[in-house]
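This is what each chain is made of:
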Amino acid sequence: MAEVRPVGIAGLGRYVPDRILTNQDLEKIVDTSDEWIVQRTGIRERRIAADDQVTSSLAVLAAQQALEHAGITAEELQLIICATVTGDQPFPATACRIGCDLGAKNAGGFDVSAACVGFVHASQVATNLVASGAYDRVLVCGAEILSRILDYEDRNTCVLFGDGSGAAVFTPHDDCQQGEYLGGSMSMEGGAEGILSQPAGGSRHPASADSVAQRLHFMKMGGTRVFRFAVRVFAKLVRDVIDQYGIDQLGCIIPHQVNQRIIETAMEQIGLSMDYVFCNIHRYGNTSAASVPIALREAYEAGRLEKGKLVVMPAFGAGMSWGHTIFRW
Ligand code: ACO
């Protein structure tokens, strides 16, 4: 029978591109205003990848920081999982390019496509593979260049998203002594392509001159339905953790950075202070699969991960999919 052993987070990394797109910049592109965006979303600016960067280039920079933090070399990695919906191309997996550019010549790799929940789902795959004893050193990246699938003629979507990457290295807890994985969840309500999707480019609508003319290769979103869904599942996930572990155990909530208003509304429904939540949405917007690991690294740097307390990461997105992970720092 396979071994089951405690798993920890050995290292964390994040990278955001240098170029800043402010709300004032967006005012010149679409009919919007800084006031509308800040009031509805909390976002003030977001990062945009340079023309010569691809998603794997962002992931590699975050991964290098995570490896350095973990104190291991790329050659020691056995597996790389990249969570993304904006991979370098539909195939091969972006994880393979990340492995090549890192010099991880002993690792296997694949991608996880779960939009904004991607990092949370991929982390559960990684932790369970390490827990089983099958792997000892697994790198998980969450990386996105959403600016390449945004329609900068659609004010409903283009103001909300940005580019970036985050990464985490998972090892046996005995080897790193921090961030012990306690559990998590993965859920979905399928059939929601009409609420949030990139309609063209797959088998449903193969890329064609027509799909481009109809702008179907860009993200489409029904904002109000996403808002209600996100508040509902965020509140439930956090309530479940409190019911299971008790409020005294709770250290920090690092949610998918979806929208400040969604996060505040959910926290109000739960009856918990926003002091528990780490937010950086005002600086980066929603970076989908990259948002949780970027916030996790920044929360670590800010000293928000309290020794012995729970770090809870709820995420929710297209699918509709949602899930969470719980670590004891
Ligand atoms: N600037 C100005 N006006 C805008 C903009 C904009 N950038 N975007 C939309 N509007 C307009 C709409 O056209 C609409 O105008 P109309 O009434 O004339 O048709 C109006 O604003 C809608 O206004 P509200 O109903 O007040 O907007 P709401 O309060 O619902 O806020 C928002 C819209 C921010 C999109 C909200 O629904 C939301 O936060 N939804 C969640 C979206 C989200 O965060 N998605 C992230 C991706 S999914 C994920 O990660 C889980």
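Residues numbered from 1 in each chain as written. Predicted model: local features only at pLDDT ≥ 70, side-chain atom pairs only at ≥ 80, totals over all residues. Heavy atoms only, no water.

Below, the discussion takes up the side chain of Ser211. One can find Ser211 in helix H8 (residues 209–213). Within polar-contact distance, the side chain of Ser211 engages the backbone nitrogen of Ser208 at 2.9 Å. For Ser211, the residues in contact, after removing those within four places along its chain, are Ala200, Pro206, Leu216 and His217. (Helix = DSSP H or I, 4+ residues; strand = E, 2+ residues; numbered from the N terminus. Polar contact = N/O pair within 3.5 Å; in protein donor to acceptor, adjacent residues only side chain to side chain. Contact = heavy atoms within 4.5 Å.)

Looking now at the nonpolar core. Of all hydrophobic cores here, the largest spans 49 residues; its most connected members are Phe234, Ile253, Met267, Leu272 and Phe316. Among the elements that line this core, the one with the most residues is helix H9 (residues 223–245), at twelve residues. In contact with Phe316, other than residues within four places in its own chain, are Cys116, Val117, Phe229, Ala230, Val233, Phe234, His256, Val258, Ser321 and Trp322. (Core = buried A, V, L, I, M, F, W, Y, C linked by side-chain atoms within 4.5 Å. Buried < 20%, exposed > 50% of the residue type's maximum accessible area, 1.4 Å probe, protein only.)

Another aspect to go through is the packing of H9 against helix H10 (residues 260–270). Axis separation between H9 and H10 bottoms out at 9 Å; the angle between their running directions is 45°. Put simply, H9 runs oblique to H10. Between H9 and H10 the crossing geometry is right-handed. Residues Phe227, Ala230, Val231, Phe234, Ala235, Val238, Arg239 and Ile242 of H9 lie in contact with H10, whose contacting residues are Arg261, Ile262, Ile263, Thr265, Ala266, Met267, Gln269 and Ile270. Here the contact of H9 with H10 is composed, by residue class, of twelve nonpolar, two polar and two charged. (Axes fitted to C-alpha atoms, helices over the stretch in contact; angles between N-to-C directions. Parallel < 35°, antiparallel > 145°, perpendicular 65-115°, else oblique. Left-handed = near helix turned anticlockwise from the far one by under 90°. Nonpolar A, V, L, I, M, F, W, Y, C, P; charged D, E, K, R; others polar.)

With that out of the way, let us pick up the packing of aromatic side chains. Tallied over the full model, the rule gives five aromatic pairs. Ring centres of Phe229 and Trp322 lie 5.8 Å apart, and the angle between their planes is 70°; this geometry places the pair in the edge-to-face category. Linking Phe229 in helix H9 with Trp322 in strand S13 (residues 321–328), this pair joins segments that are 93 residues apart in sequence. Here Phe229 matches Trp322 in class, with each residue buried. (Phe/Tyr/Trp six-rings, centres within 6.5 Å; stacked < 30°, edge-to-face > 60°.)

Of all five residues in strand S4 (residues 79–83), five are buried; the element is thus mostly enclosed. Neither face of S4 is open: one carries Leu79, Ile81 and Ala83, the other Ile80 and Cys82, and all of them are buried. Here five bridges tie S4 to strand S5 (residues 108–112), and the two strands are oriented parallel to one another. Among the inter-strand pairings, Cys82 is bridged to a residue of S5, identified as Asp111. Note on the crossover from S4 through helix H4 (residues 94–102) to S5: the handedness is right-handed. In the sheet, S4 pairs with strand S6 (residues 138–145) via five bridges, with the strands oriented parallel. From the neighbouring strand, Cys82 faces S6, where its bridge partner is Cys141. (Pairing = 2+ DSSP bridges. Right-handed = clockwise from strand over helix to strand, strands pointing away.)

A word on the sheet that holds S13. Within the open sheet, the four strands sit side by side as S8-S13-S12-S11. Their pairing is mixed. This sheet does not close on itself; its edge strands, each paired only once, are strand S8 (180–188) and strand S11 (250–253). For this sheet, the mean inter-axis angle between neighbouring strands, taken without regard to orientation, is 15°. Where S8 and S13 come together, eight bridges link them in antiparallel fashion.

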